[in-house]
Amino acid sequence: MSLEDLCNVVERCQAQPEDGYTPEDYDLFMIAGRSCIEEGNSAQVLSIVLDDKSQDLVRSIGWSLFPALVEGLLRKEDKDHPNYLAIFNHLLQTCRPKELLIGLQEQLGVEDAQTKVERLLLLMQPLQKTLLRLDAPRRASSLGLTLSSMMDHVAELPLPETKEQEQDDVFSLCRCCSELMEFVRPFIQEAAHNNKPSNSTYEQEVRAELHIFFMSALKRIVLEVRLEDPETLELSPLRSFASDILKHLSAIGVSLPGLVFLPLTRRKKLPDFLEEETRHPKDALASLAHLVYVHHMATDTFPCVFSPVYTLRVNLEHVCHLLSSTNSTRIQKGLDLLEKTLQRVDDHSLPVELLEIKTFLTLSQELEKVMTYSPEQEVRTKGLKVFQLTIDKFDHEAKYTFFKLVLKTSSHSGLQGYIIKNIKNQVDFALQPGNTNSWFGGVHLLPLLRFVFILPDGPETDLLKFLDRVMESLNLLRYLVIRDKVADNKTGIWTDFSQMEESFLKPLRFGLNMSRAHYEKELSGTMVGSQVKAENINVSVGDQTLPQMTPDSQMQALHSALHMFDMMESVLVRIEELVETKDQK
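These remarks concern the structure in this document.

Analysis parameters
Residues numbered from 1 in each chain as written. Predicted model: local features only at pLDDT ≥ 70, side-chain atom pairs only at ≥ 80, totals over all residues. Heavy atoms only, no water. 1 Å grid on protein atoms, 1.4 Å probe; cavity = no way out; pocket = protein on both sides within 12 Å on 5 of 7 lines; lining within 4 Å. Points joined across faces, edges and corners; volume = space filled by probe spheres on them. Helix = DSSP H or I, 4+ residues; strand = E, 2+ residues; numbered from the N terminus. Nonpolar A, V, L, I, M, F, W, Y, C, P; charged D, E, K, R; others polar. Expected span 1.5 Å × (residues − 1). Buried < 20%, exposed > 50% of the residue type's maximum accessible area, 1.4 Å probe, protein only. Contact = heavy atoms within 4.5 Å. Salt bridge = Lys/Arg side-chain N within 4 Å of Asp/Glu carboxyl O. Axes fitted to C-alpha atoms, helices over the stretch in contact; angles between N-to-C directions. Left-handed = near helix turned anticlockwise from the far one by under 90°.

**Considering the layout of surface pockets**
Now for step 1: Size it by volume and the largest pocket reaches roughly 600 Å³.
Now for step 2: Along the walls of the largest pocket sit 19 residues, with Arg226, Leu227, His290, Gln332 and Asp336 positioned nearest its centre.
Now for step 3: At the level of secondary structure, the elements contributing two or more residues to the lining of the largest pocket comprise helix 19 (328–343) and helix 21 (377–393).
Now for step 4: A total of 6 residues in the lining of the largest pocket trace back to one element, the largest contributor, which is helix 19.
Now for step 5: In terms of residue class, the lining of the largest pocket is built from 4 nonpolar, 6 polar and 9 charged.

**Here we look at helix 6 (residues 81–94)**
Now for step 1: An ideal rise of 1.5 Å per residue puts 20 Å on 14 residues; helix 6 measures up with 20 Å between its terminal C-alpha atoms.
Now for step 2: Taken together, the buried positions of helix 6 are occupied by His81, Asn83, Tyr84, Ile87, Phe88, His90, Leu91, Leu92 and Thr94.
Now for step 3: On its buried face, helix 6 sits against helix 2 (23–38), helix 3 (42–50), helix 4 (55–61), helix 5 (66–74), helix 7 (97–108) and helix 8 (116–133).

**Side note on the environment of leucine 131**
Now for step 1: Inspection of the secondary structure assignment puts leucine 131 in helix 8.
Now for step 2: Owing to a relative accessible area of 0%, leucine 131 belongs among the buried residues under this scheme.
Now for step 3: Sequence separation between leucine 131 and serine 498 is 367 residues, and the spatial gap between their C-alpha atoms is 82 Å.
Now for step 4: Setting aside chain neighbours within four positions, we find leucine 131 in contact with Leu101, Arg139, Ser142, Leu143, Thr146, Phe183 and Phe187.

**Regarding the pattern of salt bridges**
Now for step 1: This structure, assessed with the given rule, holds 24 salt bridges.
Now for step 2: A salt bridge links aspartate 56 to arginine 59; the shortest N-O distance between them is 2.8 Å. Placement of the pair is aspartate 56 and arginine 59 together in helix 4, with a separation of 3 residues, close to one helical turn.
Now for step 3: You can call aspartate 56 partly exposed: its relative accessible area is 36%.
Now for step 4: The partner of arginine 96 in a salt bridge is glutamate 99, and the shortest N-O contact between them spans 3.4 Å.

**What about the packing of helix 18 (residues 308–323) against helix 20 (residues 358–373)?**
Now for step 1: Running from N to C, helix 18 and helix 20 cross one another at 35 degrees; their axes reach a closest spacing of 10 Å. The interaxial crossing formed by helix 18 with helix 20 has left-handed handedness. In this structure, helix 18 contributes Leu312, Leu316, Glu317, Val319, Cys320 and Leu323 to the contact, and helix 20 contributes Thr359, Phe360, Thr362, Leu363, Glu366, Leu367 and Val370.

Geometry only, nothing functional implied.
Right under this line is the structure:
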């Protein structure tokens, strides 16, 4: 019946002028034509479509057959596949490009997870040819919409997590990225115009659409994947994709250095926020910086006049943005970018004035979060390595100021302890023969030591919570007492020692006694409870309730705590003995 209906509507339309088709004619042709294709009458439909008398009809409403044709083409084993392809190709050559584009874009937007990749790859070339048939005034905006739609599909594909997955292209992401580059090639050739500026409105609009597309690709694909180095994977499709993006951006007249340095230069301007976020999203700029400074792509386009310190200032904006993410891949890229940027800077060269820039404070806070809260050990370890590298690049005054800043702003015992250990290393360096470093000795050192030798909550400080800080503080004080003679007093420690006793040693002694008594009482109670009945019970330490454990586990935890107190007291006693010995001399 569908074939009969199709023949009737075609015969009626053949007798009408092209502009005389009614909505009813369109509906009848669409329904009957699709039904014929779905029912296996594709040969008859092909005959009708190729009939010379039907060309006006095909030109006007033939594109309405796309849904059934695309579904048929996706079934590559279908016996009618050659007929589907012949009809499809004829429609592409005959239909008006405006309607063709609408029909193809509708098929691109079909939500079908199983055929998403195949549908996208099937439609890319037809969409490209159709766009090239459009008149220039309409082509640029249509290009932008098409690229946006295709990017939405590609960005939803799973990402390869290993080089083997990338080599085998198990998720078809690599092939889609390669096809995207082929898709935009003719439009780049139009917009590039032999790398000469053009006043053509069309070329300017195409450049703008390509610019937005490439920035979207940097943000939504390149930033999310781990790019393999040539030593690991010689032929990497994703690395080639990223490299092509940078080449194409340069080809359409975009300054890559201008993009990388944009976070600093755009502060002087007040562009429309929405337009700026569309054209230059922070994710895309950070992705670009990572490609340039970590993977060394497009480095030939960067002038050599930019100093390492200026490059650091720029890249800190990108680094802080990446580190603020909860995505481990982005965090890792932020750490890599910071490491590579710092390696270009001479040790002990960054002046204290840089710490007045807000970004440096933000960097410290973001690194602290990475080092302490990242769920991945590899990321935390890399964060600590880069944190130390940052410290190594500061000059003495900057180190001094940075240490004081972190001790004032951080509440994490591990980070505080790490900073105190760095202070000890700087003091030790300053005391070596031939070294001059006034910031870690004498009058300058004392104000910094006052930040070190103090308990956060006085005698009631939770000594287990602040174990790292307390132990490093004790180790530093022990080192100073041993290393610096009272007569020399190079560090100034003996000038202020009585105050340190009042603010640190005495409260610590009192806190240790209270904590030890409390934990010994808990241990005694647990041992009695375990003799009565070996079952899970709760133990409270301070105002915190330990997780429910067996009596043996509870006793082990309490013994461990008492051992920590023994460690603190051991160093504390040694300091007291050393001080007493020096006082007797």
